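These are the residues of each chain, in order.
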Amino acid sequence: LIHRHQGPGLRREGAKETMVQRVAIIGAGLSGLASIKCCLDEGLEPTCFERSDDIGGLWKFTERAEEGRASIYRSVFTNSCKEMMCFPDFPFPDDFPNYMHNSKLQEYIRMYAKHFALLRYIKFKTTVSSIKKRPDFSVTGQWDVITKQDGKEESAVFDAIMVCSGHHVYPNFPVDCFPGLNKFKGSYFHSREYKEPEKFKGKRVLVIGLGNSGSDIAVELSHTASQVYLSSRSGSWVMSRVWDNGYPWDMLTVTRFETFLRDSLPTSVSDWLYVRRMNRWFKHENYGLMPLNRTSRKEPVFNDDLPSRITCGTVVVKPNVKEFTETSAIFQDGTVQENVDFVIFATGYSYSYPFMEDNAIIKCRDNEVTLYKGILPPRLEKPTMAVIGLVQSLGAIIPTSDLQARWAIKVFKGLYKLPPVNDMMEDIDEKMGKKLKWYGQSNTLQTDYISYMDELASAIGVKPSFPLLFLTDPRLALEVYFGPCSPYQFRLTGPGKWDGARNAILTQWDRTLKATRTRVVYDSQKHFPFLNLLKILALPLLLLAVFLMIN
């Protein structure tokens, strides 16, 4: 029998594990690979089913979009830098660029899979057609999984399921929201079909949707099309990957101290600082990009060239489309753009799990994805299914998926006790309320990166102890708290500890600079951190002091 204690959390040492052994993993993308390795680390037997002939998922470029698979355009680059998006026990090579082309990331993914010998656990060209509970699920927690390969159907029994199929597969294509589109004589399609700009040379193109894909495509087409129009319903903050003094944006902004400051300051001051920061590169209002809810922490658009293309006139920002005619688009402000040749809908994606016999397992309330900690369907009789990689934040997907997989496997093995179902639903509701407050209305599982990672890390005993760290290793403690919250932090201690984590943290700036200092010049300032840290601290602390004096 499992030893029980009050409240959720890690079971005490000596607790017996449940008999989960065979784990089915759906998808061999970043989340799938992390899940395979985490299963192996815990002595489980993973079998990964991948419908294509290669690993990489979203990041595996193909010449045309394929049904049931994520699709990217040829020019896609990462928005998180290498030190913030690596697997936490496998840093990128020193000479890899800080932000990389999809082909370079795919190279790293292959290195990771080879280093940890993961390929032998993957069944390629195998489609999962059905997952359903076994008749005795309430006792065993087991699943029947039916797969197809080369026309042959196979059935197998698994003790647990890890769904790693991603959320960039099924396009959200709201054609019914645009009256007259059926009369439009030009071409229109979803952005997942877009691959490269050559066929748009000399054409007038309207891109609908101001997200990362819409902005990337608009900027790329602005070099070949005769004119590009970028339509946005609600606007967005736009950030550059290159931040203060040329350092990667996320290494300067995704820090524990920043999170502490945001949570400690009054909301009005925090919001004022946020808007000021987002406008530091250029005034968004002057470019028609200002979001309707300017204080929303919704993920910004990362694009180093969009303001330049707007100011050069090759991209024109427009409001939402009211309706289409045979050859033109009429916008909400009454303006009309004639002779539009192409319309590209960069309108995002929908969650779908066609292999689930009972879709209500994951979408258990109002047909919306409802997951405890963004991972676990809360109403299962036995907690033997996890959805990995759905949560979105300013943090990168790789470290997030890695920690999610570690947490899920502790649950599978009975080493982490879940709270009652009602408590899990209340936790989901509380998180939903915070999401609405900070990120606005959306169907994504949006959250704060550091808070979320610390929540999972605390639950499984891998969050660094800062009082202990400051006492025993002050140099490391300063870097962990004031420096970037890099993935290595979650392999410093506890189960799954990586011996190289400390050194990786202390040398992360060296690897960052090596990627750009390809022509060495004399620099009187030795290193980033301390002088810049004082600059970062000065303004917020001054504002806090003023606020406290006023009140």
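Just so it is clear, the structure is predicted and the values come from calculations on it, not from any experiment.

**So, the overall build of the protein**
Assigned secondary structure in the protein consists of 17 helices and 22 strands. Scored against the burial criterion, the 551 residues of the protein give a buried share of 54%. Contacts spanning at least 24 positions in sequence make up 68% of the contacts within the protein whose residues lie at least 6 apart. Total accessible area on the protein is roughly 25,400 Å²; 51% of this is exposed by carbon and sulfur atoms.

**Focus on the nonpolar core**
Residues Ile131, Ile161, Met162, Tyr353 and Trp407 are the most contacted members of the largest nonpolar core, which totals 148 residues. Apart from the residues within four sequence positions on either side, Met162 is in contact with Val23, Ala24, Ile25, Ile26, Ser35, Cys39, Ala386, Ile388, Ala405, Ala408, Ile409 and Phe412. Among the nonpolar cores identified, the runner-up in size contains 13 residues, and Phe178, Leu206, Ile208 and Phe331 belong to it.

**Regarding the pairing of strand S19 (residues 342-345)**
Across the two faces of S19 the burial is the same, with Phe342 and Ile344 and Val343 and Phe345 all buried. The pairing of strand S10 (residues 187-190) with S19 spans four bridges and is parallel. The residue of S19 that forms the bridge with Phe189 is Ile344. Relative to S19, strand S11 (residues 204-208) is paired through four bridges, and the arrangement is parallel. Across the sheet, residue Ile208 finds its bridge partner in S19, namely Phe345.

**Details of the sheet that holds strand S6 (residues 143-149)**
Taken in spatial order, the three strands make up an open sheet running S5-S6-S7, and their pairing is antiparallel. Edge positions in the open sheet fall to strand S5 (127-133) and strand S7 (152-158), since each of these has one partner strand only. Direction aside, the axes of adjacent strands within the sheet are offset by 20° on average. In this sheet, S6 lies alongside S5 in antiparallel orientation, the contact comprising six bridges. Bridge pairing in S6 places Thr127 opposite Lys148.

**Considering the sheet that holds strand S3 (residues 45-49)**
The parallel open sheet is built from five strands, whose spatial order is S4-S3-S2-S8-S21. Lying at the two open borders of the sheet, with one neighbouring strand each, are strand S4 (122-123) and strand S21 (385-387). As judged from the four bridges shared by strand S2 (residues 22-26) and strand S8 (residues 160-163), these two strands associate in the parallel manner. In the sheet register, Val23 faces S8, and the bridge partner there is Ala160. Docked against the sheet, helix H10 (residues 397-412) engages S8 and S21, running at close to 165° with respect to S8.

**Concerning the confidence of the model for the protein**
Per-residue pLDDT for the protein averages 89, and the proportion of residues at 70 or more is 89%. Per-residue pLDDT stays below 50 along residues 1-7; that stretch engages in 18 contacts with residues further than four places along the chain or on separate chains.

**What about the pattern of salt bridges?**
Per the counting criterion, the structure on display carries 27 salt bridges. For the salt bridge of Asp54 with Arg110, the shortest nitrogen-to-oxygen distance reads 2.5 Å. Of the two residues, Asp54 is situated in the loop between S3 and helix H2 (82-85) and Arg110 in helix H3 (residues 102-115); the sequence distance between them amounts to 56 residues. The class of Arg110 is partly exposed, set by a relative accessible area of 38%. Between Asp448 and Arg262 there is a salt bridge; the shortest N-O distance is 2.7 Å. With Asp448 in the loop between helix H11 (421-439) and helix H12 (449-460) and Arg262 in helix H7 (residues 256-264), this residue pair connects regions lying 186 residues apart in the sequence.

**Side note on helix H8 (residues 267-278)**
For H8, built from 12 residues, the straight-helix expectation of 16 Å at 1.5 Å per residue is met to within 8% by its first-to-last C-alpha distance of 16 Å. For H8, the complete set of buried residues consists of Val269, Ser270, Asp271, Leu273, Tyr274, Val275 and Met278.

**Comments concerning the pairing of S11**
Burial analysis of S11 places four of its five residues in the buried class, the great majority of the element. As paired strands, S11 and strand S12 (residues 227-231) are joined by five bridges and run parallel to one another. By the bridge assignment, Val205 is partnered in S12 with Val228. Handedness of the crossover joining S11 and S12 through helix H5 (residues 212-221): right-handed.

**A look at the packing of aromatic side chains**
This structure, assessed with the given rule, holds 34 aromatic pairs. Geometrically, the ring pair formed by Phe178 and Phe345 is edge-to-face, given 5.3 Å between the ring centres and 70° between the ring planes. With Phe178 in the loop between strand S9 (170-171) and S10 and Phe345 in strand S19, the pair connects residues that are 167 residues apart, well separated along the chain. When its relative accessible area of 0% is taken as the criterion, Phe345 is described as buried. With a centroid separation of 6.1 Å and an interplanar angle of 55°, the aromatic rings of Tyr372 and Trp407 are classed as tilted. Pair noted here: Tyr372 is in the loop between strand S20 (349-350) and S21 and Trp407 is in helix H10, with a separation of 35 residues, a long-range link. The class for Tyr372 is buried, based on a relative accessible area of 3%.

**Comments concerning the environment of Glu258**
For Glu258, the position within the fold is in helix H7. Distance from Glu258 to Ile450, taken between C-alpha atoms, is 9.9 Å for residues 192 residues apart in sequence. Within the local environment of Glu258, its side chain forms a polar contact with the side chain of Arg277, the two groups lying 2.9 Å apart.

**Focus on H12**
The end-to-end C-alpha distance of H12, which contains 12 residues, comes to 17 Å, matching closely the 16 Å that a straight helix rising 1.5 Å per residue would cover. With nine of 12 residues buried, H12 is to be regarded as a mostly interior element. Buried residues of H12: Tyr449, Ile450, Tyr452, Met453, Asp454, Leu456, Ala457, Ala459 and Ile460, and no others. Count one or two residues on from H12 and you reach Gly461, which has phi positive near 75°.

**Observations concerning the state of the cysteines**
As used in these notes, a disulfide is a covalent bond between sulfur atoms, one from each of two cysteines. Inspection of the entire model under this criterion finds zero disulfides. There is no disulfide at Cys48, and the cysteine sulfur nearest it, in Cys164, is 7.2 Å away.

Each value, and the rule that gives it
Residues numbered from 1 in each chain as written. Predicted model: local features only at pLDDT ≥ 70, side-chain atom pairs only at ≥ 80, totals over all residues. Heavy atoms only, no water. Helix = DSSP H or I, 4+ residues; strand = E, 2+ residues; numbered from the N terminus. Buried < 20%, exposed > 50% of the residue type's maximum accessible area, 1.4 Å probe, protein only. Contact = heavy atoms within 4.5 Å. Areas by Shrake-Rupley, 256 points an atom, 1.4 Å probe, with all protein chains shown as cover. Core = buried A, V, L, I, M, F, W, Y, C linked by side-chain atoms within 4.5 Å. Pairing = 2+ DSSP bridges. Axes fitted to C-alpha atoms, helices over the stretch in contact; angles between N-to-C directions. pLDDT = per-residue confidence, 0-100. Salt bridge = Lys/Arg side-chain N within 4 Å of Asp/Glu carboxyl O. Expected span 1.5 Å × (residues − 1). Right-handed = clockwise from strand over helix to strand, strands pointing away. Phe/Tyr/Trp six-rings, centres within 6.5 Å; stacked < 30°, edge-to-face > 60°. Polar contact = N/O pair within 3.5 Å; in protein donor to acceptor, adjacent residues only side chain to side chain. Disulfide = S-S within 2.5 Å.

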